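# Commentary on secondary and tertiary structure
Here is what each chain is made of, one letter per residue.
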Amino acid sequence: MSKIKEIRTKVYQWNGKTVPPQNNFCTNASDLLFEKSDAMGSFRFHEWLICEVETDDGIIGIGNAALAPQLVKKTIDTYLKSLVIGEDPFDYAYLWEKMYRRTHAWGRRGLGMVAISAIDIAIWDIMGKITKKPVFKLLGGRTKEKIPVYASKLYSQPIKDLQKEAENYKKQGFKMFKMRFGWGPKDGPDGMKKNIELIEAIREVIGYETDLMMECYMGWNLDYSKRMIPKLVKYNPRWLEEPVIADDIHGYAELNNMNAIPISGGEHEFNLFGFKQLLDLKAVSYIQYDNNRVGGFTIAQKINALAEACQVPVIPHAGQMHNYHLTMSNFNCPISEFFPVHDVEIGNELFYYIFEGDPAPDNGYINLDDNVPGLGLKITDKYKSDFKIIE
């Protein structure tokens, strides 16, 4: 019987080429502050945490985390590591509760839950490798022939550049697209007009026989959202994402219950109880947790079951392998997000510079291999010289 022998954490800090920040690139929670600085700065993450969990028979599971990696590393090394070493990885439900309950006073959301996620993902990778099965086969198996994915970028930029980018995704075979707004409450009616111009430019390229998702990234507030939503309806968005800050769950509920545009969220929500509150209030029409934030596979599956009972689809944030396994194994996860491979900008792109094994889209779909055990990820050395590695 395998026992967990060691946990190692490393932070990969990007020192390579980055795309310079642009004004009105993407609305975000900092936009309402009056200070004149890069509002998006605190939402760029140019670091990534890798968590390796090793068993006494040499099996290594790989977990990861993108939020505040240096603090997550400290959390794992100081508080969580000792709770897991010596345990059987197949006791994953007990190990999750052990980490959750021993850190409950401070760790039930935010950094603590991100740290638990990294370990839990690695444990599931171990179980897949021991059983010689891909993780999705352990979660419920294949529920779809392949996974439809949407191209998720289209940040605010000059109109011609935006249309060129949208045309590129259309030529690659994508039928679903997500755009970002560049202006919010402090920009007034002129900003509203500019947001509409972004939508019109994209719809001009992709037409109306496609899905268009619209993201605010917590950069609006309730009043502004209520004023904007009637203006957006005619562009037939599949959803409006994170229009208000994550803590304003009653704001989400009010907007969703306008029944004008489906509201999505959950990227910045944590654990089972956070999502129960959203579902109880009918605050979202789509749930968008990220497996490397929400608590890992163990809790994500419970959220999936809860959401399915409420008939609210789950479409995990970011795609990436730790989320694709959940989408493949759940009927209530109809599609996945896909971040196009790109020079490092916001930071989501770092995943492709650290890991290999993530599937590439083909005509708007990705697939998982039934014969690759675990997550199917390996750490690549291809771009290692562009990183500073903190151990």
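Now for a description of the structure that goes with this document. No experiment lies behind these values; they were computed from the predicted model shown.

A separate point is the nonpolar core. Within the largest apolar cluster, 120 residues are counted, with the highest numbers of intra-cluster contacts made by Ile 76, Leu 232 and Leu 240. With 12 residues, helix H4 (residues 111–131) is the single largest residue contributor to this core. Setting aside its immediate chain neighbours within four residues, Ile 76 contacts Ile 7, Thr 9, Leu 49, Cys 51, Lys 81, Ala 115, Ala 118 and Ile 119. Core analysis: the second largest hydrophobic core is formed by seven residues, Met 213, Trp 239, Ile 315 and Ile 335 among them.

Let us look at the sheet that holds strand E3 (residues 60–65). Reading across from one edge, E3-E2-E1-E14 is the order of the four strands in this open sheet, with antiparallel pairing throughout. Bordering the open sheet on either side are E3 and strand E14 (387–390), each of which pairs with just one other strand. Put simply, the sheet's adjacent strands are angled 25° from each other on average, direction ignored. In this sheet, strand E2 (residues 47–55) lies alongside strand E1 (residues 4–14) in antiparallel orientation, the contact comprising nine bridges.

Let us now look at the pattern of salt bridges. Applying the stated criterion across every chain yields a total of 24 salt bridges. Between Lys 73 and Asp 77 there is a salt bridge, and its shortest N-O distance comes to 3.1 Å. Here the residue Lys 73 and the residue Asp 77 both occupy positions in helix H1 (residues 69–84), the gap between them amounting to four residues, near one helical turn. Note on Lys 73: relative accessible area 12%, which makes it buried.

Attention shifts here to the packing of helix H8 (residues 222–232) against helix H9 (residues 249–256). Packing of H8 against H9 brings their axes to within 10 Å, and their N-to-C directions diverge by 15°. Between H8 and H9, the angle falls in the class roughly parallel. As for the relative orientation of H8 and H9, their crossing is right-handed in sense. Residues Leu 222, Ser 225, Lys 226 and Ile 229 of H8 touch H9, and the partners they reach there are Gly 251, Glu 254 and Leu 255. Class assignment for the residues of the contact of H8 with H9 results in three nonpolar, two polar and two charged.

Moving on: the pairing of E2. Each regular strand displays side chains that alternate between the two surfaces of the sheet. Burial within E2 is extensive, with nine of its nine residues counted as buried. Neither face of E2 is open: one carries Glu 47, Leu 49, Cys 51, Val 53 and Thr 55, the other Trp 48, Ile 50, Glu 52 and Glu 54, and all of them are buried. The pairing of E2 with E3 spans six bridges and is antiparallel. In the strand pairing of E3, Glu 54 is matched with Ile 60. Between E2 and E3, which follow one another and run antiparallel, lie four residues, and Gly 58 among them has a positive phi close to 85°.

Here helix H7 (residues 188–206) is 19 residues long and its end C-alpha atoms lie 28 Å apart, about the 27 Å a rise of 1.5 Å per residue gives. Here H7 has its buried residues at Gly 188, Gly 191, Met 192, Asn 195, Ile 196, Leu 198, Ile 199, Ala 201, Ile 202, Arg 203, Val 205 and Ile 206. Considering only its buried residues, H7 is in contact with helix H6 (159–171), strand E5 (176–180), strand E6 (211–215) and H8. Of the residues one or two after H7, Gly 207 is the one with positive phi, at around 75°.

Locating Ser 336 in the fold gives a position in strand E10 (residues 336–338). The class of Ser 336 is buried, set by a relative accessible area of 1%. Excluding residues that lie within four positions of it along the chain, Ser 336 makes contacts with Ile 147, Pro 148, Val 149, Tyr 150, Ile 315, Tyr 324 and Thr 327.

How each quantity is defined
Residues numbered from 1 in each chain as written. Predicted model: local features only at pLDDT ≥ 70, side-chain atom pairs only at ≥ 80, totals over all residues. Heavy atoms only, no water. Core = buried A, V, L, I, M, F, W, Y, C linked by side-chain atoms within 4.5 Å. Buried < 20%, exposed > 50% of the residue type's maximum accessible area, 1.4 Å probe, protein only. Helix = DSSP H or I, 4+ residues; strand = E, 2+ residues; numbered from the N terminus. Contact = heavy atoms within 4.5 Å. Pairing = 2+ DSSP bridges. Axes fitted to C-alpha atoms, helices over the stretch in contact; angles between N-to-C directions. Salt bridge = Lys/Arg side-chain N within 4 Å of Asp/Glu carboxyl O. Parallel < 35°, antiparallel > 145°, perpendicular 65-115°, else oblique. Left-handed = near helix turned anticlockwise from the far one by under 90°. Nonpolar A, V, L, I, M, F, W, Y, C, P; charged D, E, K, R; others polar. Expected span 1.5 Å × (residues − 1).

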